[in-house]
Amino acid sequence: MDTTEAAGRTPDDRLTDEPGGRDASPPAADAAPDGSGADQRQVVSTAIRSQRSPRDIVISLLVLLVPIALLIGLGRAFLGADTPTEVDPAPIVQQARAANLFPVGEVTGLGDGWHTVTADFRRADTGATLRIGYLTPDDDGVQVVQSSVPAERLLPDELTRDGQPRGAVEIGGRSWQRYTARADELAFVLLEPGRTVIVVGPASEDELRRLAASLT
């Protein structure tokens, strides 16, 4: 350094320029080199969270659940969330008739409160099957199955191997067999040349009888 310049500088100026002089900021109190300050903050945060009472947890859950319940209620009230989605079975019935594999009947005249919710026609090596699903006025799901699959194979598949006949009943001028089926289900079976018809579901016997009687 120039001696002339050094002579004009005060001790304070030299102290400021030197490493570790007056302008050097002291290390932060919590900035420990080994990260112990961050660890302490983490411990404190964990301790605070662990002090939440069951009441706080319940309140937090309610804050989340109340808006969800409101949305569900609004959907049911204004958007018809509880209204079943109906299908038109006519194209599927026509498809089954065009296949000409068995006489295809059609359900008519059920009245208000009944909804057609599924319709399906499929072919297999053992035969063809038409299924129409309904929702009854009591909101029970039932099916009308019409099939060319041999009855000795169709009935165990549809009613389980435990399904057993429980006597003949006359419905709509035809002789149906009353069958047991899956738990809480009842079935009526119509055996005809080339076709087996099954009306099955957890609905009441009166509703199943009405569905069977409506099949043309």
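Up top is the structure these notes are about.
Computed from a predicted model, the values in this text were never measured in an experiment.

Thoughts on helix H5 (residues 90-99)
Buried residues of H5: Val93, Ala96 and Ala99, and no others. Here the buried residues of H5 occupy an arc of 120 degrees about the axis, which is enough to place them on one side. On its buried face, H5 sits against strand S1 (115-124) and strand S2 (127-135). Just beyond H5, the residue with positive phi is Asn100, at close to 55 degrees.

Regarding the pairing of strand S5 (residues 174-180)
Sheet faces and side chains relate simply in a regular strand, where the side chains alternate between the two faces. Direction of pairing for strand S4 (residues 165-171) relative to S5: antiparallel, over a ladder of five bridges. Pairing of Val169 across the sheet is with Trp176, part of S5. Here S4 folds back onto S5, and the loop between the two strands holds two residues, one of which, Gly172, carries a positive phi near 60 degrees. Relative to strand S6 (residues 186-192), S5 runs antiparallel, the two being bridged by four bridges. Of the residues in S6, the one forming a bridge with Thr180 is Leu186.

Some points on the sheet that holds S5
Across the sheet, which stays open at both edges, the seven strands sit in the order S1-S2-S3-S7-S6-S5-S4 with antiparallel pairing between neighbours. Across the chains shown, the open sheet's two edge strands, defined by having one partner strand only, are S1 and S4. Ignoring which end each strand starts from, the neighbouring axes of this sheet average 20 degrees apart. In terms of strand pairing, S1 meets S2 through nine bridges, oriented antiparallel. Of the residues in S2, the one forming a bridge with Thr116 is Tyr134. Set on the sheet, helix H6 (residues 151-159) makes contact with S2, strand S3 (141-147), S5, S6 and strand S7 (195-201); between it and S7 the angle comes to about 10 degrees.

Considerations on the pairing of S6
Of all seven residues that make up S6, five are buried, and the element is covered over most of its length. Linking two consecutive strands that pair antiparallel, namely S5 and S6, is a turn of five residues; a positive phi of about 70 degrees is found at Asp184 within it. Both S6 and S7 contribute to a ladder of seven bridges, which runs antiparallel. Bridge assignment links Phe188 to a residue of S7, and that residue is Val199. Hairpin geometry of S6 and S7 is characterised by an intervening segment of two residues between the two adjacent antiparallel strands and by a positive phi of about 85 degrees at Gly194.

Here is what the cut-offs are and how they apply
Residues numbered from 1 in each chain as written. Predicted model: local features only at pLDDT ≥ 70, side-chain atom pairs only at ≥ 80, totals over all residues. Heavy atoms only, no water. Buried < 20%, exposed > 50% of the residue type's maximum accessible area, 1.4 Å probe, protein only. Helix = DSSP H or I, 4+ residues; strand = E, 2+ residues; numbered from the N terminus. Arc of directions from axis to C-beta. Contact = heavy atoms within 4.5 Å. Pairing = 2+ DSSP bridges. Axes fitted to C-alpha atoms, helices over the stretch in contact; angles between N-to-C directions.

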